[in-house]
Amino acid sequence: MADASNTGGEMYGLVERLYPLIRSITGDGVRETFRLVGEVTPLEVHEVPTGTQVLDWTVPPEWNVREAWVKDPSGQVVVDVRDLNLHLFGYSIPIHERVPLERLQEHLHSLPEQPDLVPWRNSYYEEAWGFCLADRVRRSLPQGEYEVCIDTSLEPGSLTYAECVVPGRTDREVLITAHTCHPALANDNLSGIAVAAYLARTLRERGRPRYTYRFLFAPGTIGAITWLGTHQQDARRIDHGLVLSCLGDTSPFTYKRTFTGGHDIDRAVEQVLRERDAGTALDYYPYGYDERQYNSPGFRLPVGGLMRARHGTFPEYHTSADNLDFVSPTALEESLEMLTTVVDVIEGNERHLSLNPMGEPQLGRRGLFRSLGGLDDPAGTELALLWVLATADGQHDLLAVAERSGLRFHTVRHAATLLHQHDLVSPIER
Amino acid sequence: MADASNTGGEMYGLVERLYPLIRSITGDGVRETFRLVGEVTPLEVHEVPTGTQVLDWTVPPEWNVREAWVKDPSGQVVVDVRDLNLHLFGYSIPIHERVPLERLQEHLHSLPEQPDLVPWRNSYYEEAWGFCLADRVRRSLPQGEYEVCIDTSLEPGSLTYAECVVPGRTDREVLITAHTCHPALANDNLSGIAVAAYLARTLRERGRPRYTYRFLFAPGTIGAITWLGTHQQDARRIDHGLVLSCLGDTSPFTYKRTFTGGHDIDRAVEQVLRERDAGTALDYYPYGYDERQYNSPGFRLPVGGLMRARHGTFPEYHTSADNLDFVSPTALEESLEMLTTVVDVIEGNERHLSLNPMGEPQLGRRGLFRSLGGLDDPAGTELALLWVLATADGQHDLLAVAERSGLRFHTVRHAATLLHQHDLVSPIER
Amino acid sequence: MADASNTGGEMYGLVERLYPLIRSITGDGVRETFRLVGEVTPLEVHEVPTGTQVLDWTVPPEWNVREAWVKDPSGQVVVDVRDLNLHLFGYSIPIHERVPLERLQEHLHSLPEQPDLVPWRNSYYEEAWGFCLADRVRRSLPQGEYEVCIDTSLEPGSLTYAECVVPGRTDREVLITAHTCHPALANDNLSGIAVAAYLARTLRERGRPRYTYRFLFAPGTIGAITWLGTHQQDARRIDHGLVLSCLGDTSPFTYKRTFTGGHDIDRAVEQVLRERDAGTALDYYPYGYDERQYNSPGFRLPVGGLMRARHGTFPEYHTSADNLDFVSPTALEESLEMLTTVVDVIEGNERHLSLNPMGEPQLGRRGLFRSLGGLDDPAGTELALLWVLATADGQHDLLAVAERSGLRFHTVRHAATLLHQHDLVSPIER
C-alpha cells in the first residue's frame with residue numbers, strides 16, 4: 001500500500017489510527033476520533049446533552065465501553081471487543097452473568113452465508129446486548145455455560161459532533177459531511193472521514209474561496225438530525241452539499257443525486273464524472289446516509305452523496321471484511337482529487353454577460369485567435385472562447401457551457417477568464 | 001370456456017345473451033340490450049327523439065328490423081338476418097322486390113381475402129340497403145332472379161342510451177363508457193358492455209367511493225355526441241374517463257392515451273400496465289371510438305381508451321369471426337380485474353403533507369421500523385414508508401411516488417395509510 | 001453533368017461563370033459576381049466604405065488583384081493567380097522582389113497530406129503575402145532566387161454586398177443568405193450563391209408570399225456583421241432564416257439548428273428532412289458560417305444553416321478539389337427543391353381554430369368522408385382531416401400536426417384548406 005502520493009498515504013495513516021477505536025453514535029471513541037482528525041484540520045467540537053429534543057428525536061444516553069468478552073465453559077475467551085470492536089453489539093447494556101449456550105445464542109449475530117466474517121450490529125433506541133462473531137466460530141461453540149461480561153455504561157452524557165468551517169467570500173455554504181458512528185469499518189466510513197478532513201485542509205491552505213465550506217463530522221442520522229435541529233437558520237445558507245462515504249475502495253464512483261436532481265451540485269459532480277469517465281450517477285432514493293435528513297421535505301437542501309462502492313451492495317459492507325486491506329492510499333487520493341475538482345467547478349461556475357453581444361467580437365485584433373484565416377479546426381481554448389461568447393447571455397452558467405459544448409469545465413472556465421481579462425464578458429452576481 | 005371464476009362466467013353469459021340481438025345505433029335491439037344489462041346493474045334508460053339537434057349532428061330515424069332475407073332463383077334462402085344479424089347491412093331501408101343477380105351484386109358485401117367470413121357494414125346517414133355474406137357463398141350464387149325482402153322500418157322514433165351512476169363522496173366524476181351499436185360482434189363490443197356492467201356492479205357493492213362513477217352505454221359517435229350535447233355541464237365534472245372496447249380476447253392490453261397524455265387516468269392505467277407487464281400504451285390518435293368526441297377541442301376531457309386487441313388491427317375485427325369463440329370468461333375476468341385495480345389507483349391517488357417534515361421522523365419508536373440497526377435491506381412497506389415520507393410535500397401524489405420508486409401503487413398506498421394512522425402525514429384535498 | 005433538369009443546369013452554368021473570378025471579402029471580383037447573379041434575379045448592390053465601424057469591427061481596405069505570380073530561378077512561372085485564383089494568398093499586400101527559396105518558403109502554403117491539392121488561405125486583418133500551391137510542386141522547387149510579383153491594391157474603397165427582397169403580405173421576414181467571399185471553391189460557396197439566386201427567382205415568379213423574403217449575398221463574417229450593424233431594426237423583423245452553403249455536392253443534407261433549436265425554421269427543415277429521409281440535423285455550435293453572427297447573444301435571430309457536406313469535414317473543403325467536378329446540376333436542383341419545400345412549409349404553417357369544436361363535425365354530410373361506415377382504414381386526407389380537427393385549438397400549428405401524426409406536411413396543409421373551405425376551421429393570425 002505504498003503506491004500512492006504522500007497525501008494518499010497520510011489519509012490511509014489516519015484511517016489506520018481511527019480503525020481500532022470503539023466508536024458509536026456517542027462516547028469517548030468519537031471524541032478520540034475527533035482529536036485525531038483535529039491533527040489534520042482544526043475542529044470545533046460540540047457536545048449536545050443526553051435528552052435534548054432535536055426535531056422528532058431525543059439525544060440518547062452516552063455509551064462507553066470498558067471491556068466486553070465471552071468465555072466458554074472451559075474459561076477460554078471466545079470473543080473480545082479488544083480484538084475487534086465489531087464483536088460487541090453496539091449500545092449493549094451492561095451485563096455480567098453466566099448463561100447456557102442456548103440462551104447465549106439469542107444474543108449472537110453472525111452471517112451464515114459469509115461464515116468467516118464478523119457482522120456489525122447495534123440497537124441504539126431499544127435496550128439490548130449481544131456479540132457479533134464469525135459464523136464458523138459460532139458453530140464450533142461447545143455446549144455448556146458461558147461467562148458473559150459487558151462492562152459498558154449507558155448514562156446521561158452527550159452526543160459529540162465536530163465542525164471545521166473554512167470561511168469564503170460569501171456566507172453561502174457548501175456542506176461536506178461524513179458520518180462518524182461506525183466502528184472498525186474502514187471504507188464505511190473512515191474513508192469518508194479522512195477524505196473530508198484532507199479536503200478541509202486543502203481548502204484552508206488555498207486562498208479564500210468563493211463559498212464558505214462547512215465540514216461536519218457527526219454520527220449518522222441522529223447526528224445530522226441534531227445539527228439540523230440546532231442550526232435551522234444556518235441550514236438555509238447551504239447552496240451545495242455532499243455526504244461522503246465509502247471513498248477508499250477501488251470501485252468507480254457512484255453519485256447519488258439530490259431529491260430533485262439538477263441542482264448545481266448534481267451538475268458539477270456529474271460533469272466531473274463524465275469528463276473522467278469515472279462512474280455513474282443515480283437518482284435519489286430515501287434510504288442510505290444523511291442525505292436523507294438534508295433532503296427531507298422540510299429542508300430540501302441540495303445535498304447529494306458521493307461514494308465509490310455503493311452502500312449496502314458490496315459483500316464487505318458492514319462486516320469485518322471492510323478492513324484496512326479493503327481501502328488503499330491510491331483510492332483515497334483519487335477520491336480527494338475528485339472532490340477538489342468538484343470544488344473547483346462549484347467555485348468557478350459563474351454566469352457571464354457579453355459586453356459585446358451583437359455579432360462576434362473581433363478576437364483576432366485582441367490576440368485571442370489565430371490570425372491566419374481559412375483554417376477551420378478550432379480546438380481547445382479557441383473553441384471554448386467561441387462557446388463562452390455565444391452563451392454569455394446571463395442564462396448560461398459555465399457548467400451549461402461545458403454540458404452543451406462537450407468541452408471540459410476547466411477549458412471553459414479558462415476561456416471565460418481570458419474573455420473577462422479582455423473586457424469581452426463580465427461575470428454576473430447571482 | 002369453463003376455466004374462469006364465476007364473474008368471468010357471468011360476464012360471458014351476458015355476452016352470449018346479447019350476441020343474437022339485432023343492434024344498431026337505434027331500435028329495439030338496443031332496448032333489449034339495456035334490459036339484459038339492467039339485470040346486472042340498474043340502468044337509467046334515456047330516449048332522445050329523432051330529429052333532435054345534438055352538437056353538429058341530428059338524431060337519425062329509428063331503425064327496426066322484422067325480417068330480412070334473400071332467396072335465390074330456386075327459392076332457396078341464401079342469407080337471413082335471423083341466422084346472423086351481421087347479414088343485414090345496417091340501416092337498410094325497406095325493400096321487397098325481385099332483382100337479377102347483377103343488380104343484387106351492387107348491394108352485397110363480402111371479404112375476398114377472408115372468403116369464409118361475413119363482414120359488418122352499414123350506412124346510417126345515407127339511404128341504402130344491402131346484405132353481407134361470405135365471399136365463398138357470394139361467388140357460388142347462380143345467375144337468375146333473386147327475391148329480396150327487407151322488412152325494416154326507418155321512422156321517427158328515438159335514440160336510446162343508458163346510464164348507471166354510482167354516487168361518490170364528491171361530484172367529480174369518472175366516466176366509464178362502452179359503445180352499444182354493434183350487432184353480433186362479441187369482442188367489439190359486447191365484451192366492453194359486459195365488463196362495464198360488472199364493474200358498475202362491483203362498485204355499487206363496495207362502500208361509497210371517492211369519485212362519482214358514471215357508466216354510459218350508448219351507440220358509437222352519435223351516442224357520445226348526444227350525451228355530450230345534452231350534458232355539457234355534467235361533462236365538466238369528468239376528471240377521468242375510459243372508453244372500453246375489445247376486452248374479451250386474449251391479447252395483452254392496449255391503452256390509448258388522452259389527447260395530451262399525462263392525465264391522472266393515463267398515469268393510473270400505465271402504472272397498472274407496468275406493474276403487471278400487461279400491455280402497452282399508445283399516444284392519442286383521432287380515429288377509433290368515442291374518445292374522439294370526449295377529447296375534441298371544445299371538451300378536451302381526460303378520457304383514454306382501454307382495449308386488448310386494438311380496434312382495426314386484428315383479423316376478426318368487424319367480421320363474423322368476432323364471435324363467441326373469440327372471447328373467453330378468463331379474458332373478461334382479467335379485464336374486469338385490471339379495471340378494478342385502475343379504479344383503486346384513481347381512488348387512492350392522494351397527495352400528502354408530512355406532519356413532521358424536518359428530517360425523518362423516528363419510525364422505530366412508533367413500531368413502524370425494524371429496531372435492529374445496521375441492516376440495510378429496506379424492503380416492501382419499510383421502503384414505501386421512507387418514499388412516502390420523503391415525498392410528502394404536497395407536490396407528489398401517490399402515483400408519482402410509485403412511478404419514481406418503482407414500488408407497486410398498492411404498497412405505496414398502504415404505507416401512506418399507515419403513516420396517516422400514526423399522524424405522520426396528512427392527505428390534502430385537491 | 002447533363003443529367004439534371006433545366007434549372008439544375010442553369011444553376012451549374014452560373015457556378016461555372018463565377019468560378020474563375022478573383023473573389024475575396026471586397027473588390028471587383030465580388031462586384032462582377034453580383035453582376036452575374038443579377039442576371040438571375042435583380043439585386044440591390046450596396047457599397048460600405050472602408051473604415052466604417054460596424055459593431056465591433058471596421059470595414060477593411062478594398063483589395064484588388066491585377067497579377068500575381070512566382071518565377072523560379074530559370075524564369076519559369078511556378079504559380080500564377082490566373083491559372084487558379086486560390087494560388088494567391090487572400091489579401092496579399094503588393095510586393096515585387098527577388099527572394100531566395102528559403103525566404104519564399106515562409107510565404108508558401110501547401111497540404112503535405114493532400115500533396116496534389118492547392119489550399120485556400122488568406123489574412124484579412126494582418127498584413128501578409130503568400131502563395132498557395134500543391135505540396136508536390138512545392139517540394140520540386142529548385143534552390144535559387146525566385147521572382148515574386150504580387151500586383152495588388154489594398155486601399156480605401158468599400159465592402160460590397162447585395163440584396164434581393166421579395167415582398168410578402170407581411171413585413172415579417174425570412175432571411176436567406178450565402179457568403180460570397182470565397183474564390184474558386186465551387187461547393188463552398190458558389191453552390192449556395194446559385195441556389196439562393198434561383199430560389200429568389202422562383203419566389204418572384206410566384207404570387208405574393210405570406211412572408212417577405214430577403215436574400216442577402218455578402219462576404220462571410222464581416223459581411224454579416226456589416227449588414228447587422230447597419231440594419232439593426234430590420235433584423236428584428238426576421239422570423240426565420242437560413243445560411244446556405246455547400247449545396248452542390250452529393251452528400252445527404254446537414255441542417256444546423258438555431259442557437260436554441262425548436263424555432264419554426266428548425267421544425268420546418270427537420271420536418272422536410274424527415275419526410276424525405278434526406279439527412280440529419282445537428283445542434284448549434286458557435287463556429288461555421290454567418291449563423292454565428294445572427295445567433296449571437298445580442299440578436300439571437302432564429303437562423304439555421306443548411307448544407308449538404310458539412311463545412312470543415314470533407315476532404316475537398318477549402319482546397320482546389322472543391323472544383324466544378326465536385327458539384328453537379330442534379331445536386332443543385334435537389335437543394336433548390338428542398339428549399340422550396342421548406343418555404344412551402346413556412347408559408348403554410350398556420351394555426352387553426354375549429355369552428356365546430358364540440359365533438360367531431362359530421363364530415364359525411366359535407367362530402368368530406370366515406371359515407372360507408374364500418375370500415376376503419378382512414379388514410380391520407382381523411383386521416384389528415386381528423387388530425388386537423390382534433391388539433392384545431394389554436395395551440396397547434398400545422399407543423400405540430402405533421403410532427404404528431406407522422407403525416408406529410410403537404411397532406412396536413414391540404415386537409416386544413418379543405419376544412420377551411422367547408423367553414424369547419426379558421427386560420428388564426430399570429
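Computed from a prediction, not measured in an experiment: that's the story for all the values here.

**Focus: the relation of the copies chain A and chain B**
Of the two same-sequence chains, chain A is brought onto chain B (RMSD 0.1 Å, axial shift 0.1 Å) by a rotation of 120°. Both copies are brought into coincidence by an operation consistent with a three-fold rotation axis. Every residue of chain A has its C-alpha some distance from the rotation axis, and the shortest such distance is that of Gly 262 of chain A, at 13 Å.

**Some details on helix H6 (residues 222-230) of chain B**
Across the nine residues that make up H6 of chain B, a large majority, seven, are buried. Buried residues of H6 of chain B: Ile 222, Gly 223, Ala 224, Ile 225, Thr 226, Trp 227 and Leu 228 of chain B, and no others.

**Regarding the interface of chain A and chain B**
Interfaces are often described in size by the accessible area the parts lose on coming together. On the chain B side, the residues contacting the 30 residues of chain A number 26 residues. Interface of chain A and chain B: buried area, both sides summed, is about 2400 Å²; carbon and sulfur atoms make up 53% of it. The largest per-residue losses of area from chain A upon contact with chain B belong to Asp 56, Phe 259 and Pro 286 of chain A, which jointly make up 26% of the total buried on that side. Between the two partners, chain A and chain B, sit four salt bridges. Here Arg 300 of chain A ties to Asp 393 of chain B by a salt bridge, and the two come within 2.6 Å at their closest N and O atoms. Along the contact surface separating chain A from chain B lie 12 residue pairs in polar contact (both at pLDDT 80 or more). Split into classes, the residues belonging to the side of chain A that touches chain B amount to 14 nonpolar, 10 polar and six charged.

**Remarks on the sheet that holds strand E17 (residues 351-354) of chain B**
Each strand in a sheet pairs with another by means of backbone hydrogen bonds, the pair being arranged parallel or else antiparallel. Residue and element names in this part refer to chain B. Strand order in this open sheet of three strands is E18-E17-E19, and the pairing throughout is antiparallel. If you trace the sheet from one side to the other, it starts and ends with strand E18 (393-397) and strand E19 (425-428), each paired once. This sheet shows a mean twist of 35° between the axes of neighbouring strands, independent of strand direction. Docked against the sheet, helix H12 (residues 398-405) engages E17 and E18, running at close to 65° with respect to E18.

**Some words on the packing of aromatic side chains**
In this structure the tally under the stated criterion is 24 aromatic pairs over all chains. Three or more aromatic residues joined by ring pairs form one cluster here, namely Trp 57, Trp 63, Tyr 91, Tyr 124 and Tyr 125 of chain A. Just above the ring of Phe 253 of chain A sits the side chain of Arg 308 of chain A; from NZ or CZ to the centre is 4.5 Å. Against the face of Phe 259 of chain B rests Arg 300 of chain B, its NZ or CZ located 3.5 Å from the ring centre.

**Thoughts on helix H8 (residues 264-276) of chain A**
Taking 1.5 Å per residue, 13 residues should reach 18 Å; H8 of chain A reaches 18 Å between its end C-alpha atoms and fits that length. Residues Asp 264, Ile 265, Asp 266, Arg 267, Ala 268, Val 269, Glu 270, Gln 271, Val 272, Leu 273 and Glu 275 of chain A constitute the buried set of H8 of chain A.

**A closer look at the packing of H8 of chain A against helix H12 (residues 398-405) of chain A**
Residues and elements named next belong to chain A. Following both chains from N to C, one finds H8 and H12 inclined at 40°, their axes separated by 11 Å at the closest point. Taken together, the axes of H8 and H12 lie oblique to each other. Pair H8 / H12 crosses with left-handed handedness. On the side of H8, the interface is formed by Asp 264, Arg 267, Ala 268, Gln 271 and Arg 274, while H12 contributes Leu 399, Ala 400, Ala 402 and Glu 403.

**Points about the side chain of Thr 152 of chain B**
The topology assignment puts Thr 152 of chain B in strand E9 (residues 145-155). Within the local environment of Thr 152 of chain B, its side chain forms a polar contact with the backbone oxygen of Ser 92 of chain B, the two atoms lying 2.9 Å apart.

**Thoughts on the interface of chain C and chain B**
Taken together, the contacts link 26 residues of chain C with 30 residues of chain B. Scanning the region where chain C abuts chain B turns up four salt bridges. Counting across the interface, chain C meets chain B through 12 residue pairs in polar contact (both at pLDDT 80 or more). It is helix H11 (residues 380-391) of chain C that contributes the most residues to the side of chain C that touches chain B, six residues altogether. The residue inventory of the side of chain C that touches chain B, partitioned by class, reads 12 nonpolar, eight polar and six charged.

**A closer look at the packing of helix H1 (residues 6-18) of chain C against helix H2 (residues 28-37) of chain C**
All names here are of chain C. Relative to each other, H1 and H2 sit at 160°, their axes nearing to 10 Å. Accordingly, the angle class assigned to the pair H1 and H2 is roughly antiparallel. Seen along the crossing, H1 lies across H2 with a hand that is right-handed. Contact with H1, carried on its side by Leu 14, Arg 17 and Leu 18, involves Thr 33, Leu 36 and Val 37 of H2 and no other residues of that element. Each residue belonging to the contact of H1 with H2 can be placed in one class, and the counts come to four nonpolar, one polar and one charged.

**Overview of the sheet that holds strand E13 (residues 238-244) of chain A**
Residues and elements named next belong to chain A. Taking strand neighbours across the sheet as the criterion, the eight strands line up as E1-E10-E12-E11-E13-E16-E14-E15 in an open arrangement whose pairing is mixed. A single partner strand is all that each edge strand has here, and the edge strands are strand E1 (44-49) and strand E15 (279-282). Ignoring which end each strand starts from, the neighbouring axes of this sheet average 20° apart. Packing of helix H10 (residues 329-348) onto the sheet brings it into contact with strand E11 (173-179), strand E12 (212-218), E13, strand E14 (253-256) and strand E16 (303-307), and relative to E13 it is tilted by some 170°.

**Details of the nonpolar core**
Ranked by size, the top nonpolar core spans 419 residues in total, and within it Phe 215 of chain A, Phe 215 of chain B together with Phe 215 of chain C carry the most contacts. Apart from residues lying up to four places away in sequence, Phe 215 of chain A is in contact with Ala 162, Glu 163, Cys 164, Val 166, Ile 176, Ala 196, Leu 199, Ala 200 and Leu 203 of chain A.

**Quick look at unusual backbone geometry**
Residues and elements named next belong to chain C. Phi is positive for Arg 300, which is not a glycine, with a value near 50°. Along the chain, the position of Arg 300 falls in the loop between helix H9 (291-294) and strand E16 (303-307). Of note in this structure, Asp 423 is not a glycine but carries a positive phi near 55°. Along the polypeptide, Asp 423 turns up in the loop between helix H13 (409-421) and strand E19 (425-428).

**Quick word on the environment of Ala 162 of chain A**
Residue position: Ala 162 of chain A is located in strand E10 (residues 158-166). For Ala 162 of chain A and His 46 of chain A, which are 116 residues apart along the polypeptide, the C-alpha to C-alpha distance reads 5.8 Å.

**Notes on the confidence of the model for chain A**
Residues and elements named next belong to chain A. Scored by pLDDT, chain A has a mean of 95; 96% of the residues are at 70 or more. Low confidence marks residues 371-378, where pLDDT is under 50. Its contacts with residues over four positions away, or in another chain, come to 20 contacts. In the predicted assembly, ipTM is 0.94 and pTM is 0.94.

**A closer look at the pattern of salt bridges**
Pairing between side chains becomes possible if they bear opposite charge and their charged atoms approach one another. Applying the stated criterion across every chain, the model contains 105 salt bridges over all chains. Salt-bridge contacts for Arg 98 of chain A lead to Glu 147 of chain A; the nearest nitrogen and oxygen are separated by 3.8 Å. Placement of Arg 98 of chain A in strand E6 (residues 95-100) and of Glu 147 of chain A in strand E9 (residues 145-155) is noted, with a sequence separation of 49 residues between them. Notably, a salt bridge pairs Arg 237 of chain C with Glu 173 of chain C, separated by 3.3 Å at the nearest N-O pair.

**What about the state of the cysteines?**
As enumerated under the stated definition, the model contains zero disulfides over all chains in all. Summary of cysteine pairing: Cys 149 of chain B is not part of a disulfide, and the nearest cysteine sulfur, belonging to Cys 132 of chain B, is at 17 Å. Owing to a relative accessible area of 5%, Cys 149 of chain B belongs among the buried residues under this scheme. Free of any disulfide, Cys 132 of chain C has its nearest neighbouring cysteine sulfur in Cys 181 of chain C, separated by 15 Å.

**Structural notes on the side chain of His 231 of chain C**
Residue and element names in this part refer to chain C. If you trace the backbone, His 231 turns up in the loop between helix H6 (222-230) and helix H7 (232-235). Take His 231: its relative accessible area is 12%, and that puts it in the buried class. Within the structure, His 231 has its side chain in polar contact with the side chain of Thr 230 (distance 2.9 Å). Other than its neighbours up to four places away in sequence, His 231 contacts Tyr 161, Glu 163 and Arg 214.

Cut-offs and rules
Residues numbered from 1 in each chain as written. Chains lettered and ligands numbered in written order. Predicted model: local features only at pLDDT ≥ 70, side-chain atom pairs only at ≥ 80, totals over all residues. Heavy atoms only, no water. Least-squares fit on C-alpha atoms with pLDDT ≥ 70 in both. Buried < 20%, exposed > 50% of the residue type's maximum accessible area, 1.4 Å probe, protein only. Helix = DSSP H or I, 4+ residues; strand = E, 2+ residues; numbered from the N terminus. Contact = heavy atoms within 4.5 Å. Buried area = accessible area lost by both parts, 1.4 Å probe. Salt bridge = Lys/Arg side-chain N within 4 Å of Asp/Glu carboxyl O. Polar contact = N/O pair within 3.5 Å; in protein donor to acceptor, adjacent residues only side chain to side chain. Nonpolar A, V, L, I, M, F, W, Y, C, P; charged D, E, K, R; others polar. Pairing = 2+ DSSP bridges. Axes fitted to C-alpha atoms, helices over the stretch in contact; angles between N-to-C directions. Phe/Tyr/Trp six-rings, centres within 6.5 Å; stacked < 30°, edge-to-face > 60°. Lys NZ or Arg CZ within 6 Å of the ring centre and 35° of its normal. Expected span 1.5 Å × (residues − 1). Parallel < 35°, antiparallel > 145°, perpendicular 65-115°, else oblique. Left-handed = near helix turned anticlockwise from the far one by under 90°. Core = buried A, V, L, I, M, F, W, Y, C linked by side-chain atoms within 4.5 Å. pLDDT = per-residue confidence, 0-100. Disulfide = S-S within 2.5 Å.

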